[in-house]
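# Chain and residue survey
The residues making up each chain are set out below.
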Amino acid sequence: MKPVTVYDIAREANVSVATVSRVLNNTAPVKASTREKIMSLIDKHQFQPNALARSLIKKETGMIGIILPDITNPFFPEVLAGLEQEARNNGYTFFLCDTGSYNQDSKSQYKRESQYLRILAEKQVDGIIMIGGRIDLQKSTREMAKEVQEVNKRLPVVLINGNLPGEKFHRVIIDEARGAMQVTDHLIELGHTDIAFMGGYNQMSNTVQRMAGFHSAMERAGIAVREDWVITGGFTINAGKALMNELLSKDGRKPTAIVCANDLVAIGAIKSAVKAGLSVPRDLSIIGFDDIPLAESMIPELTTLSLRCLELGRTAANIMHQLITKTNHVSELTTLQPKLVIRESTAPPPSHSM
């Protein structure tokens with residue numbers, strides 16, 4: 001059976017195609033009786049407007065591209081939930097592109113980012129939001145930055161918690177250095193002076209910022225940082241296990257508290273500490289970063305820093321909508337402040353040495 005078109009609806013309602021279009025898009029007033037007649041025919045024929053045809057007329061697809069590195073990391077779905085809530089309210093849907101998990105050999109990941117940038121531009125999405133990947137590198141190449149900037153000349157690109165050198169983008173970020181100072185200050189206020197930092201990658205800007213905040217808090221408190229207690233090697237639970245084992249295997253005095261680069265590393269660290277016969281937080285305080293849903297579901301519940309993922313996503317989606325519709329002037333940089341969430345994994349240091 002031949003599908004019903006907007007022309008068929010207009011002919012049967014004895015109105016112009018433009019009037020039907022105004023009802024469908026709610027772009028101009030239509031007499032109540034006429035609107036009711038058109039809506040009745042739409043229901044009768046179960047008419048679905050052709051999205052492609054509408055996009056050609058409006059020069060918009062109603063679709064936003066999202067490029068991220070690891071959908072299995074709980075941080076990203078939390079940000080996506082905020083993006084989806086705000087974007088749906090403004091009539092957008094998503095085209096999600098996962099480039100692969102974080103690792104130190106990321107050439108294939110950045111290659112997939114390039115492929116997705118081309119694909120999304122070809123599909124004429126209204127805008128692209130990037131989280132992680134090349135925008136998280138401490139020293140991204142000029143070529144990678146220019147590639148994104150070329151896309152940004154054609155359609156709006158918004159970066160979440162990242163940046164690219166030598167170019168200007170609209171960005172939404174969390175003050176991660178300040179957040180690291182907050183979590184370190186919390187441990188210092190509890191009485192800890194033997195504090196380690198664990199996790200992340202030295203080439204990632206988020207790790208560098210968190211390390212900088214850690215060092216600043218220690219320096220401000222007059223506490224020397226033991227560089228052999230600052231160890232990196234990933235953002236996963238397995239990385240946390242391995243790094244905790246490495247830390248415990250070192251000769252001499254052991255830390256009484258650990259700042260972890262994210263919650264997954266903290267969870268892995270707790271698992272290895274408990275397996276080694278330590279009690280958290282009686283013998284060892286451990287604090288995370290991100291406040292993923294699992295943080296409050298484990299035993300002990302994890303003290304962590306909330307990066308306000310939902311608000312981060314909602315803010316990015318709102319900025320993207322304003323850039324697409326050109327309704328307001330949008331600042332290039334929007335900074336949100338993190339929030340310390342104190343739970344059960346931190347306590348004053350033990351009175352005895354470990």
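It should be emphasised that the depicted structure is a prediction, and the values quoted were computed from it without experimental measurement.

### Remarks on the environment of T61
- Note that T61 resides in the loop between α4 (51-58) and β1 (63-68).
- Using a relative accessible area of 33% as the deciding quantity, one classes T61 as partly exposed.
- A C-alpha to C-alpha distance of 38 Å links T61 and V208, two positions 147 residues apart in sequence.

### Some details on the pattern of salt bridges
- Evaluated as defined, the whole model comprises 15 salt bridges.
- A salt bridge links E147 to R134, with the nearest nitrogen and oxygen atoms 2.8 Å apart. Here E147 is found in helix α7 (residues 142-152), whereas its partner R134 is found in the loop between β3 (127-131) and α7, with 13 residues between them in sequence.
- In this structure E147 comes out as partly exposed when scored by relative accessible area, which is 25%.
- With a relative accessible area of 0%, R134 lands in the buried category.

### Quick word on the sheet that holds strand β8 (residues 257-260)
- Across the sheet, 4 strands lie side by side as β7-β6-β8-β9; this open sheet has parallel pairing. In the strand order of this sheet, the two ends are held by β7 (230-231) and β9 (285-287), each with one partner.
- Packing against the sheet, helix α8 (residues 176-189) makes contact with β6 (195-198), β8 and β9, and its axis sits at approximately 170° to β8.

### What to know about helix α12 (residues 309-325)
- Here α12 spans 24 Å end to end across 17 residues, near enough to the 24 Å set by a 1.5 Å rise per residue.
- Among the 17 residues in α12, 12 count as buried, and that is most of the element.
- Of all the residues in α12, the buried ones are C309, L312, G313, T315, A316, A317, I319, M320, H321, Q322, L323 and I324.
- Against β1, α5 (75-89), β3, β4 (157-160), β5 (170-174) and β11 (333-336) lie the buried residues of α12.
- At the exit of α12 stands K326, carrying a positive phi of roughly 55°.

### Thoughts on the sheet that holds β3
- In space, the 6 strands of this open sheet follow the order β2-β1-β3-β4-β5-β11, with parallel pairing throughout. The open sheet has two free edges, formed respectively by β2 (93-98) and β11, since each of these has just one partner strand. Strand-to-strand twist of the sheet, defined as the mean angle between neighbouring strand axes without regard to direction, takes the value 15°.
- Pairing of β1 with β3, which is carried by 4 bridges, proceeds in the parallel orientation. Bridge pairing in β3 places I67 opposite M130.

### Focus on the domain arrangement of the chain
- Splitting the chain by domain gives domain 1 (6-57), domain 2 (62-175 + 308-337) and domain 3 (177-307).
- Just the C-alpha atoms count here: the centres of domain 1 and domain 3 sit 59 Å apart.

### Some thoughts on the nonpolar core
- Core analysis: the biggest nonpolar cluster contains 49 residues, and L83, I129 and I131 have the highest contact counts within it.
- Looking at this core element by element, the count peaks at 8 residues for α12.
- Taken together, domain 2 (62-175 + 308-337) and domain 3 (177-307) each give at least three residues to this core, which thus spans both.
- Not counting chain neighbours up to four residues away, the residues in contact with L83 comprise I66, F94, I129, I131, G313, R314, A316 and A317.
- One finds M198, L264, V265 and I286 within the second-largest nonpolar core, a separate group that totals 24 residues.

Cut-offs applied
- Residues numbered from 1 in each chain as written.
- Predicted model: local features only at pLDDT ≥ 70, side-chain atom pairs only at ≥ 80, totals over all residues.
- Heavy atoms only, no water.
- Helix = DSSP H or I, 4+ residues; strand = E, 2+ residues; numbered from the N terminus.
- Buried < 20%, exposed > 50% of the residue type's maximum accessible area, 1.4 Å probe, protein only.
- Salt bridge = Lys/Arg side-chain N within 4 Å of Asp/Glu carboxyl O.
- Pairing = 2+ DSSP bridges.
- Contact = heavy atoms within 4.5 Å.
- Axes fitted to C-alpha atoms, helices over the stretch in contact; angles between N-to-C directions.
- Expected span 1.5 Å × (residues − 1).
- Domains from an automatic or database assignment.
- Core = buried A, V, L, I, M, F, W, Y, C linked by side-chain atoms within 4.5 Å.

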